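Descriptive analysis of the structure
Single-letter residue listing:
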Amino acid sequence: MTPLLVAISTSAASSTWRRAFALGACSGIVGFGGVIYWIAGVMHRYGDLPFALATLICAGLVGYLAIFFGLWAVLVRASVRRLGARGIWLAPLFWVALEWARGVIVGFPWAPIGSSQATVIPVVQLAAVTGVYGLSALVALVSTAAATLSLTRARAHRAGAACVALLLIAVCA
């Protein structure tokens, strides 16, 4: 998420929302393509669909899910344009809101970014209190802090990143 945040933020002033959407959607295609590629094989083998059709349906699902990444990128771009570098700190909020929408409203809760912490025992225990969306917020917050430090050396942003580091230490303790 950090490289995508940097790309969106550095071009926020000069690029269009379409470019931000394209960056996010391309990242979503790569991400979801790597996570749900196997669905084509399942539809082919157990659903008796021709492999080409199953692959096409799976690609359509990947493209549909990538829209959420694109929307996230547009929201981040808009907040950076409006608030400057401070706007990037809204990225975790946007991420979790869209992840929730994808899971609850759309009905496809697979692969929230918080599930990437399943094998990190000190961090995954946070899910007992916050659920997977709290883990997603933590992952997005750490990525945002890293992106912010690469974009600016302003004291407030360094302090924000330090607070994120302290939060991570507290979660792991």
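Calculation notes
Every chain is numbered independently, its residues counted from 1 as its sequence is written. Two thresholds apply to this predicted model, a pLDDT of at least 70 for residue-level local features and 80 or more for giving and counting side-chain atom pairs, whereas whole-chain, interface and lining totals are computed over all residues. As a rule here, side-chain values cover all heavy atoms of the structure and leave hydrogens and water aside. Only DSSP runs of H or I reaching four residues or more are called helices, and only runs of E reaching two or more are called strands; each is numbered from the N terminus. Partly exposed describes any residue whose relative accessible area lies between the buried limit of under 20% and the exposed limit of over 50%, with all areas from a 1.4 Å probe on protein chains only and scaled to the type maximum. By the counting scheme adopted, Arg and Lys are positive, Glu and Asp are negative, and His together with the chain ends is not counted. By salt bridge we mean one thing: a side-chain nitrogen of Lys or Arg within 4 Å of a carboxyl oxygen of Asp or Glu. Two N or O atoms form a polar contact when they lie within 3.5 Å of each other; inside protein one atom must be a possible hydrogen donor and the other a possible acceptor, and for residues adjacent in sequence the pair counts only when both atoms belong to side chains. Any two residues whose heavy atoms approach within 4.5 Å are treated as being in contact. Between N-to-C directions, angles span 0 to 180 degrees; the directions come from axes that are lines fitted to C-alpha atoms, helices contributing only their stretch in contact. Orientation is classified from the angle alone, with under 35 degrees giving roughly parallel, over 145 giving roughly antiparallel, 65 to 115 giving roughly perpendicular, and any other angle giving oblique. Crossing handedness follows the turn of the near helix against the far one: under a right angle anticlockwise gives a left-handed crossing, and clockwise gives a right-handed one. Residues are sorted three ways: Asp, Glu, Lys and Arg are charged, Ala, Val, Leu, Ile, Met, Phe, Trp, Tyr, Cys and Pro are nonpolar, and all the rest, Gly among them, are polar.

**What to know about the side chain of R77**
Along the chain, R77 falls in helix α4 (residues 51–83). No salt bridge is formed by the buried R77, whose closest oppositely charged neighbour, E99, lies at an N-O distance of 22 Å. A polar contact of 3.5 Å, which involves the side chain of R77, links it to the backbone oxygen of T16. Aside from chain neighbours lying at most four places away, what touches R77 is I8, A12, S15, T16, W17 and A20.

**Thoughts on the packing of α4 against helix α5 (residues 91–105)**
Where α4 meets α5, the axes come as close as 10 Å, and the angle between the chain directions of the two elements is 155 degrees. On the basis of their axis angle, the class for α4 and α5 is roughly antiparallel. In this structure, the crossing between α4 and α5 has a hand that is right-handed. Of α5, the residues touching α4 (which contributes L65, F68, F69, L71, W72, L75, V76 and S79) are A91, F94, W95, L98 and R102. By residue class, the composition of the contact of α4 with α5 is 11 nonpolar, one polar and one charged.

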